[in-house]
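Here's the letter readout for the chains.
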Amino acid sequence: MTTVAATCNVASSDDSPASAASATLPAAAPGFRLAPASIGRPGRVQVAYLPCPTWCVLDHLADRQPAVEDVTHRGGVDHVQVPTMGDDLYSAFELYCQLYADPVSDDSRMRVAAVSVTDGSNDAYLTPDMADETADELIAFAMRMKGAARIARAAIEAAA
Ligand SMILES: [Zn+2]
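Residues numbered from 1 in each chain as written. Predicted model: local features only at pLDDT ≥ 70, side-chain atom pairs only at ≥ 80, totals over all residues.

### Digging into the overall build of the protein chain
Next, step 1: Within the protein chain, the regular secondary structure consists of two helices and eight strands.
Next, step 2: The buried share of the protein chain, reckoned over its 160 residues, is 16%.
Next, step 3: Put simply, 34% of the contacts in the protein chain that link residues at least 6 apart link residues at least 24 apart. (Helix = DSSP H or I, 4+ residues; strand = E, 2+ residues; numbered from the N terminus. Buried ≥ 20, exposed ≤ 12 C-beta atoms within 10 Å, placed from the backbone. Contact = placed C-beta atoms within 7 Å.)

As structure tokens, this is what we get:
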């Protein structure tokens, strides 16, 4: 098994990322770029160049991790909110979705790319097939919700 640690280059934190990259970095695999990452404890931080999926939006330089194995990758966040009457500033429910990868996960399905869904307290990690199936169920749910809206609208108009 190839680990992230075995495929990264570590540069002194005194070097600028650009000069270190041009001098020592191998080519990244298709779908990846070599991204500079801050690795280590405060006072002992080094810059490591790690394979980072092209969909990852994290700034691994700013998001210091204690070890290379702690670096995960995340895509941009999408979300849906469910409002409620009487409080325009309150969202009763929220769901967030983004791509996720943990290159050293014990679960091989998490190492390259998974879809993460969370409500802020419970996290779900989905394979692409699971994400497709869940999305189809959410689409069907949304269509039933639109059906409920039609019935409510007709009832309100009938009562007016
Ligand atoms: Zn990344």
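The discussion continues.
### A few points about the pairing of strand E8 (residues 123-126)
Next, step 1: Sheet topology note: the strand E7 (residues 114-118)/E8 ladder contains four bridges and is antiparallel. Its bridge partner lying in E8, Ser 116 is registered against Tyr 125.
Next, step 2: In sequence, E7 turns back onto E8 through a hairpin of four residues, with Gly 120 there showing a positive phi of about 100 degrees. (Pairing = 2+ DSSP bridges.)

### Overview of the environment of Ala 29
Next, step 1: Along the chain, Ala 29 falls in the loop between helix H1 (17-24) and strand E2 (32-39).
Next, step 2: Residue classification places Ala 29 among the exposed residues on the basis of 11 C-beta atoms within 10 Å.
Next, step 3: Along the sequence, Ala 29 and Cys 52 sit 23 residues apart, while their C-alpha atoms lie 9.6 Å from each other.

### Here's the deal with the pairing of E2
Next, step 1: Examined bridge by bridge, E2 and strand E3 (residues 46-53) share eight bridges and lie antiparallel to one another. Pairing of Ser 38 across the sheet is with Val 47, part of E3.
Next, step 2: Hairpin connection between E2 and E3: a loop of six residues separates the two successive antiparallel strands, and Gly 40 in this loop has a positive phi of roughly 130 degrees.

### Here we look at the nonpolar core
Next, step 1: Counting twelve residues, the largest nonpolar core is built from Leu 34, Ala 35, Ala 37, Ile 39, Val 47, Ala 48, Tyr 49, Leu 50, Cys 52, Cys 56, Val 68 and Val 71.
Next, step 2: Elements represented by at least two residues in this core include exactly E2 and E3.
Next, step 3: No other element matches E3, which puts five residues into this core. (Core = buried A, V, L, I, M, F, W, Y, C linked by C-beta atoms within 7 Å.)

### Digging into the environment of Ser 105
Next, step 1: Residue placement: Ser 105 occurs in the loop between strand E6 (87-101) and E7.
Next, step 2: Here the alpha-carbon distance between Ser 105 and Asp 70, two residues 35 residues apart in the chain, equals 9.8 Å.
Next, step 3: The residues contacting Ser 105, other than those within four sequence positions of it, are Met 110 and Arg 111.

### Some details on the confidence of the model for the protein chain
Next, step 1: Confidence in the prediction of the protein chain, expressed as mean pLDDT, is 88, and 84% of residues score 70 or more.
Next, step 2: pLDDT under 50 marks residues 1-21. Its contacts with residues more than four places away, or in other chains, come to 33 contacts. (pLDDT = per-residue confidence, 0-100.)

### Looking at the environment of Gln 81
Next, step 1: Relative to the elements of secondary structure, Gln 81 occurs in strand E5 (residues 78-84).
Next, step 2: For Gln 81, a count of 11 C-beta atoms within 10 Å translates into the label exposed.
Next, step 3: For the pair Gln 81 and Glu 94, spaced 13 residues apart in sequence, the C-alpha separation works out to 4.5 Å.
Next, step 4: Apart from residues no more than four positions distant in its own chain, Gln 81 is found in contact with Ser 91 and Glu 94.

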